[in-house]
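The residues making up each chain are set out below.
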Amino acid sequence: MNKKAIGTNAGIIWNLLNSSEKWDVSQLMEKSGLTEIEVYTAIGWLARENKIEIEESPNNKHYYYLIIDYYF
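Description of the structure in this document. (Residues numbered from 1 in each chain as written. Predicted model: local features only at pLDDT ≥ 70, side-chain atom pairs only at ≥ 80, totals over all residues. Heavy atoms only, no water.)

Quick word on the environment of Asn-15
The following threshold applies: Strands are runs of DSSP state E lasting at least two residues, helices are runs of H or I lasting at least four, and both sets are numbered from the N terminus onward.
Within the secondary structure, Asn-15 is located in helix α1 (residues 3-17). Along the backbone, Asn-15 and Leu-66 are 51 residues apart, and their C-alpha atoms lie at a distance of 9.7 Å.

Here's what the structure looks like:
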């Protein structure tokens, strides 16, 4: 996997997360058609760009959603 593919996958994941919902990895894999490693590398890309939040639930499940910045 190269950086271009990871960036493309990050765009796919970003578009799913743009629905204002919280998603777990299995949901992202199902809806995107990406493999687990492709989803995790895309999440890493988005996290490095400070575009997503990661929330851990009490049962240790992780949920991902977009950061919404408001500028006034």
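Quick notes on the nonpolar core
For clarity, the threshold we go by: As used in this record, nonpolar core signifies buried Ala, Val, Leu, Ile, Met, Phe, Trp, Tyr and Cys residues forming a set joined through side-chain atoms within 4.5 Å. For every residue, the accessible area obtained with a 1.4 Å probe (protein chains only) is divided by the maximum for its type, and the residue is called buried under 20%, exposed over 50%, and partly exposed between those limits. By definition, residues are in contact when any of their heavy atoms lie within 4.5 Å.
Ile-13, Leu-17, Leu-28, Val-39, Ile-43, Ile-52 and Tyr-64 are the most contacted members of the largest nonpolar core, which totals 15 residues. Broken down by secondary-structure element, the contributors of at least two residues to this core are α1, α2 (25-32), α3 (36-48) and β2 (62-66). Residues in contact with Leu-17, not counting those within four places in the same chain, are Trp-23, Leu-28, Leu-46, Ile-52, Tyr-64, Tyr-65 and Leu-66.

Re the pattern of salt bridges
Put simply, the rule reads: Definition used for salt bridges: Asp or Glu carboxyl oxygen within 4 Å of a side-chain nitrogen of Lys or Arg.
Counted under the stated rule, the structure contains 2 salt bridges. Across the pair Asp-24 and Lys-61 runs a salt bridge, and its minimum N-O distance is 2.9 Å. Remark: Lys-61 occurs in the loop between β1 (52-56) and β2 and Asp-24 occurs in the loop between α1 and α2; sequence separation between them is 37 residues.

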